[in-house]
Every structure is written in structure tokens, then in C-alpha cells.
Amino acid sequence: KLKGQIVQTKGALVGLVAETLEGLDVIQAFDKKDFFVETALVRNDLHHRTVYSGDSLNLWLAHRCDFYGAIMVLAVSCFAVGMKEELGAATVGLAFSNTMQMLVFYTW
């Protein structure tokens, strides 16, 4: 839904700029420059608010995924240290390797 709003506000802003440039002579003839500048500023603010919301959401999700990955690495490390007599170096290395691969999948 948020990506749809970003596309919609971007389209409205680009459409306004294109129509304004096309009808610039008429706008100047009727002295409506202030109206079009104000409309462009309102649409620009709306577009930037939606883009900022989307970027904030993506960063928040990325932070949560990185935190989850750090918890997984900590758990594997504690498990490897706690069971160092039972586990060999190859098993611990495989566990760390798989954990690191999972971190790649959790990043955005």
C-alpha cells in the first residue's frame, strides 16, 4: 500500500510539473503563478512524506532483521563454547558458516 502511495504522489507531482510547463504562457497571462507554486509545494511535501515513511519502515525492518541475526550468532557462539569437548572444529565452523549465510538472507 505504501509503495502505491509513493507511485501515486510521484505521478501527481510529475503530472503537475509537465502540465505547468506546457501551459506556462496561460498561467502567466492569468497571473496564477502563486497558485501553481503553492500546489507544487503541497504535492512535493506529500510525496516526500510518503517516501520518508517508506524509507523509515525499511530501515526499521532492516534493524530488526540484523538484531535477530546477531542473536543467532550469539546463540551459536554460546553453544559452540559450551559444548567444545563434544563438537569438533569442523562442526562449529559449519554452524558459523550456516549462521552467516542466514544473515545474508535476513538483510534487505
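Note that the structure is predicted; figures quoted are calculated from it, not measured.

1. Concerning the overall build of the protein
Part 1 of the argument: Check the secondary structure of the protein and you find 4 helices and 0 strands.
Part 2 of the argument: For the protein, the sequential pattern of α-helices and β-strands runs α-α-α-α.
Part 3 of the argument: Here the C-alpha atoms of the protein give a radius of gyration of 26 Å, more than 25% beyond the 13 Å that 2.2 N^0.38 yields for 108 residues.
Part 4 of the argument: Projecting the C-alpha coordinates of the protein onto the three principal axes gives extents of approximately 85 × 20 × 15 Å.
Part 5 of the argument: Evaluated residue by residue, the protein yields a buried proportion of 16% over its 108 residues.
Part 6 of the argument: Across the protein, the fraction of contacts at a sequence separation of at least 24, relative to all contacts at a separation of at least 6, is 69%.
Part 7 of the argument: A total of about 8500 Å² of accessible surface is found on the protein, and carbon and sulfur atoms cover 66% of it.
Part 8 of the argument: If the 9 positive side-chain charges of the protein are averaged to one point and the 11 negative ones to another, these points end up 5 Å apart.

2. Looking at the packing of helix 3 (residues 33-82) against helix 4 (residues 89-106)
Part 1 of the argument: Axis separation between helix 3 and helix 4 bottoms out at 9 Å; the angle between their running directions is 175°. One element, helix 3, and the other, helix 4, form an angle in the roughly antiparallel class. On helix 4, the residues touching Cys65, Tyr68, Gly69, Ala70, Met72, Val73, Val76, Ser77 and Ala80 of helix 3 are Val92, Ala95, Phe96, Thr99, Met100, Met102, Leu103 and Tyr106.
Part 2 of the argument: Tallied by class, residues from the contact of helix 3 with helix 4 come to 14 nonpolar, 3 polar and no charged.

3. What to know about the packing of aromatic side chains
Part 1 of the argument: Tallied over the full model, the rule gives 1 aromatic pair.
Part 2 of the argument: When the ring of Phe35 is compared with that of Phe36, the centres are 5.3 Å apart and the planes differ by 85°; the resulting orientation is edge-to-face.
Part 3 of the argument: With a relative accessible area of 25%, Phe36 lands in the partly exposed category.

Conventions used here
Residues numbered from 1 in each chain as written. Predicted model: local features only at pLDDT ≥ 70, side-chain atom pairs only at ≥ 80, totals over all residues. Heavy atoms only, no water. Helix = DSSP H or I, 4+ residues; strand = E, 2+ residues; numbered from the N terminus. Rg over C-alpha atoms; globule rule 2.2 N^0.38 Å. Buried < 20%, exposed > 50% of the residue type's maximum accessible area, 1.4 Å probe, protein only. Contact = heavy atoms within 4.5 Å. Areas by Shrake-Rupley, 256 points an atom, 1.4 Å probe, with all protein chains shown as cover. Lys, Arg positive; Asp, Glu negative; His and termini not counted. Charge placed at Lys NZ, Arg CZ, Asp CG, Glu CD. Axes fitted to C-alpha atoms, helices over the stretch in contact; angles between N-to-C directions. Parallel < 35°, antiparallel > 145°, perpendicular 65-115°, else oblique. Nonpolar A, V, L, I, M, F, W, Y, C, P; charged D, E, K, R; others polar. Phe/Tyr/Trp six-rings, centres within 6.5 Å; stacked < 30°, edge-to-face > 60°.

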